[in-house]
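# Working through the structure, step by step
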Amino acid sequence: MKEHTYFVAVYLRLSRDDEDIDGSTKSESNSISSQRELLRSYVREHEDMELFDVYVDDGYSGANFDRPEFKRMMSDIEVGNVNCVIVKDLSRLGRDYIEAGRLIQKTFPAFHVRFIAVTDQFDSQTADYNTKSLVLPVKNFINDSYCRDISQKVKSHQKIKREQGKFIGAFAVYGYRKSDGNKNQLCPDDYAADIVRKIFSWKLEGMSALAIAQRLNELGILSPLEYKKAHGEKFYTSFQTKPTAKWSAVAVKRILTNEIYTGVMVQGKYEQINYKVKKTVVKPKKDWIRVEGTHEAIILHEAYEMVQSLLDVDTRANSGSKCAHLFSGLLFCGDCKEPMIRRVNRYKGISKVYFICPTRNRGQGCTRHSILDEELKAIVFQALQTYVAVFLDVCSQLEHIQKMEVQFEEVERFDKEIERLHKEQDKYLELRAGLYEDLKTGLITKEDFKSFRAIYEKQYEDVKAALGKQEEMIKQLFRNGIASGVKLKKFEEAMELSELNRDTLLCFISRIEVYEEKKVYVEFRGKEEFSKMLVLKEYLEAKAREGRA
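Conventions and cut-offs
- Residues numbered from 1 in each chain as written.
- Predicted model: local features only at pLDDT ≥ 70, side-chain atom pairs only at ≥ 80, totals over all residues.
- Heavy atoms only, no water.
- pLDDT = per-residue confidence, 0-100.
- Contact = heavy atoms within 4.5 Å.
- Core = buried A, V, L, I, M, F, W, Y, C linked by side-chain atoms within 4.5 Å.
- Buried < 20%, exposed > 50% of the residue type's maximum accessible area, 1.4 Å probe, protein only.
- Helix = DSSP H or I, 4+ residues; strand = E, 2+ residues; numbered from the N terminus.
- Phe/Tyr/Trp six-rings, centres within 6.5 Å; stacked < 30°, edge-to-face > 60°.
- Disulfide = S-S within 2.5 Å.
- Pairing = 2+ DSSP bridges.

Per-residue confidence for the protein averages 80 on the pLDDT scale, and 79% of its residues sit at or above 70. Here residues 19-29 is modelled with pLDDT under 50, and outside its nearest four sequence neighbours on either side it reaches 14 contacts, counting other chains as well.

Next comes the structure, spelled out in structure tokens:
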């Protein structure tokens, strides 16, 4: 290599930093073709320069130096193939002023590499002390500030879109596609949406996530990743470990726990550490941006909630079966509250299925709470039919409510639970007000005052939220009528059943607890709404008595 000859690396870079945050076209002056032509022309004009290679990082941020072509260029520098680097301007090399400064003032000189930024008129061979120590750091700092400013603007713009319920992801979640006319709107993908419905249905039947994944693979259904690839989407995920991605229990559970399928847009789950580091971290759930009714639901909210409750408990299938037993995920010991386990007792060719407490089974206390499967079915079936009969009777008595001129405020005053919550709310207000007097008289310290005030304020807000929920349930019944607020068809179908099935169990029952002496407690879904219906019934009966008096 001759001393007077410079073997040049032309480095080109362009990223989203160089376009407007609304997605408009990148500036032509910064385009890759424009940079390439400018720098090739510069090399041709200098007889002591010979082009070694062109390195192009298109679509990479200047906030860090984790770029493939930049790394390749540095490798060529280290082995001695390149002794001159030319860029259009300092920001093309990078916008991190600390790292850019280290490269220009330490790394390049260490490898005897000449550095030239053409439009900034910087040449490390001719630059004087002031240029290197003052002008260069200032320009690099301005570039860094620009990058930080753009990052904040992009985040702010994305936050606004999320709060408006607009989808801003690069790829639609499995089961949906981006609308043809609006990239921020999700529409169901008919084929994939049907697969999502099957996954939820199989889970409700008692299948585990692994069993669902195995069934999908047996049926030859493409995994979300392969489905995207099949439709020409350049989708990449770090979850893939094999050439062809198959369905897995993790992928199935990811679908089962995604609220987006109920028509709720949930975004902002992750955030980048800062504009210089690509690594993301999971944000607390309370900070997620959640907007309801932004797109068509694939899964009913009730079904989604049922699945979430099932995922909280063990619903493994029995040996030799892909589905869990009838009561899986619903049956608990009444004392220790642990999910009860199923046992089969075989004697002289006769098999008896029963349930026992797992704590007792491990020898860790509690009692057996043993109950035969058939006995449990009979008890739960009778409780279900009684509940359904009472519910339908109440509904029939309240059908005329929409025809009556009943004021919400009157019913609210009649509701004992709302009255109790109002009294509890007043109690916390009084306790909070009394703290000031206790502080003045020296009964409590300032620290105690702050501590107790925080406790009472939290309790007040909790009661306020509970009160709002109680009032909303009554308002809902007034707005939509009794019949529209419940699945009367399901109730009527339940009355026609001759035996229990899992679909009916999950529809009506949220929990079953077994105590000693085969005492069984059944917790029904929608019990709070039902209690409000009873309040309305009692109110109307009271009004009728007043009319007769």
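Formed by 68 residues in total, the largest nonpolar core has its most connected members in Y174, W247 and Y261. Top element by residues in this core is helix 12 (residues 373-398). It accounts for nine residues. Those residues within four positions of W247 in sequence are excluded, and the remaining contacts are Y174, I195, I199, A213, L216, N217, I221, L222, S223, P224, V252 and I255. By size, the runner-up hydrophobic cluster in this structure holds 22 residues, among which are A9, Y55, V85 and F108.

This next bit is on the packing of aromatic side chains. Under the counting rule described, the total for this entry stands at 15 aromatic pairs. Between F452 and Y456, the ring centres sit 6.3 Å apart and the planes meet at 20 degrees, which makes this aromatic pair stacked. With a gap of four residues between them, F452 and Y456 both fall in helix 15 (residues 446-480), about one helical turn apart. On the accessibility criterion, Y456 (17% relative accessible area) is buried.

On inspection of all chains with the given rule, the structure shows zero disulfides. The thiol of C333 is unpaired, and the distance to the nearest cysteine sulfur, on C336, comes to 3.6 Å. C336 provides the cysteine sulfur closest to C357, a residue in no disulfide bond, and the two sulfurs are 3.5 Å apart. By relative accessible area, C357 is classed as buried at 1%.

So, on to the sheet that holds strand 15 (residues 371-372). Working definition: the strands of a sheet are paired by backbone hydrogen bonds and lie parallel or antiparallel to each other. Strands sit in the order 13-14-15 across an open sheet of three strands; the sheet is antiparallel. Unpaired on one side and paired on the other, strand 13 (341-347) and strand 15 mark the two borders of the sheet. Examined bridge by bridge, strand 14 (residues 350-356) and strand 15 share two bridges and lie antiparallel to one another. Residue pairing in the sheet places F355 in a bridge with I371 of strand 15.

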